[in-house]
Amino acid sequence: MAYNEFAYFYDSFNGDADYDALYRHIQAELDAHGIRDGILADLGCGTGELTLMLAQAGYDMIAIDQSEEMLCVVRDKADQLELTGRLLLLEQDLCSLDLYGTVRGAVSTFDTFNHLPQLDAAIANAGFFMEKGGVLLFDMNTPYKHREVLGNNTFTFADGQAGCVWSNRLEEDGRRVRITLEIQDGETGEAFREEFCEYTYELAEIRAALERHGFTLESVCDGETFGPLAADSERYFFCAVKNYTQLEGEDHG
């Protein structure tokens, strides 16, 4: 899935996101693993808020997204902050990722991996390009959120720029949520419609995929509070460490 027109309104509708708390948690994990510089990949970078915070901290960032529109927003922000020298933009599908070398770590936030029908492929690709001892830091919506919060519910968002109706339909097996966005541009009056899915992955499935591709899952916490998981946690946050380099492990692809 790639956001198209929604990319230009994403920040407005995501205003409640606590990027500072997310950045602090990620920075603490990177620091704990001795990753204080070098190349990081942001897998599904969106509008680049976290990407650019990490670039400002001194990391060389590869910002990857399937949406050309999202990457245009990132480029504009980077230009304003004069950070283009620390940033490489790649328009790619995470399930067929192809980097130009290895990275010391990777981040993926705001449930990017839930948008992928092939989570195993995305984790395999992240592992293929990661140095031994590198960390994969990512969050995912929990099955609880898909079934009890998104479910078959409809939500409405509005600000000075636009209005959005977000409609969900949970499939009978509980494994996928079909999502429809209807956006009204407040300035031009134009209307846009986008449809995509989020896929539900149980904790045991995620752990197994990580282990299958050479990662050790070090910790899982609540992705909103960064405290212990609870039965009603809506988001997981994972820290996984790569155990070996590709030459020691599995083939890519």
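By the naming in an unreviewed UniProt entry, the protein chain is Class I SAM-dependent methyltransferase, taken from Candidatus Faecalibacterium gallistercoris.

1. Describing the overall build of the protein chain
If you tally the helices and strands in the protein chain, you get 7 helices and 11 strands. Computed over C-alpha atoms, the radius of gyration of the protein chain comes to 18 Å, within 12% of the 18 Å expected from 2.2 N^0.38 for 253 residues, which places it in the range of a compact globule. The principal-axis extent of the C-alpha atoms belonging to the protein chain is close to 55 × 45 × 35 Å. With 253 residues in all, the protein chain has 52% of them scored as buried. Across the protein chain, every contact between residues at least 6 apart in sequence was considered, and the portion connecting residues at least 24 apart equals 65%. Surface accessibility of the protein chain: about 11500 Å² in total, with carbon and sulfur atoms responsible for 45%. Considering the protein chain, the positive charge centre built from 18 side chains and the negative charge centre built from 47 side chains are found 6 Å apart.

2. As for helix 5 (residues 119-128)
Helical geometry: 3.6 residues make up each α-helical turn, so side chains three or four residues apart lie on a common side. With 7 of 10 residues buried, helix 5 is to be regarded as a mostly interior element. Those residues of helix 5 lying buried are L119, A122, I123, A124, N125, A126 and G127. Of the surrounding elements, those touching the buried residues of helix 5 are strand 1 (39-43), strand 5 (130-141), helix 7 (203-212), strand 10 (215-222) and strand 11 (235-242).

3. Points about the pattern of salt bridges
Tallying each qualifying case throughout the model produces 14 salt bridges. A salt bridge links R36 to D31, with the shortest nitrogen-to-oxygen separation between them at 2.7 Å. R235 is the partner of D111 in a salt bridge, and the nearest nitrogen-oxygen pair spans 3.1 Å. Of this pair, D111 sits in the loop between strand 4 (103-108) and helix 5 while R235 sits in strand 11, placing them 124 residues apart in sequence. In this pair, the class of D111 matches that of R235, namely buried. Beyond isolated ion pairs, a larger network of salt bridges with shared partners links D111, D139, E224 and R235.

4. Here's the deal with the packing of helix 5 against helix 7
Their axes nearest at 9 Å, the elements helix 5 and helix 7 cross at an angle of 35 degrees. Two packed elements cross with a definite hand, and for helix 5 against helix 7 that hand is right-handed. Note on element contacts: helix 7 touches helix 5 through I206, A209, L210 and R212, opposite L119, D120 and I123. Counted by class, the contact of helix 5 with helix 7 contains 5 nonpolar, no polar and 2 charged residues.

Calculation criteria
Residues numbered from 1 in each chain as written. Predicted model: local features only at pLDDT ≥ 70, side-chain atom pairs only at ≥ 80, totals over all residues. Heavy atoms only, no water. Helix = DSSP H or I, 4+ residues; strand = E, 2+ residues; numbered from the N terminus. Rg over C-alpha atoms; globule rule 2.2 N^0.38 Å. Buried < 20%, exposed > 50% of the residue type's maximum accessible area, 1.4 Å probe, protein only. Contact = heavy atoms within 4.5 Å. Areas by Shrake-Rupley, 256 points an atom, 1.4 Å probe, with all protein chains shown as cover. Lys, Arg positive; Asp, Glu negative; His and termini not counted. Charge placed at Lys NZ, Arg CZ, Asp CG, Glu CD. Salt bridge = Lys/Arg side-chain N within 4 Å of Asp/Glu carboxyl O. Axes fitted to C-alpha atoms, helices over the stretch in contact; angles between N-to-C directions. Left-handed = near helix turned anticlockwise from the far one by under 90°. Nonpolar A, V, L, I, M, F, W, Y, C, P; charged D, E, K, R; others polar.

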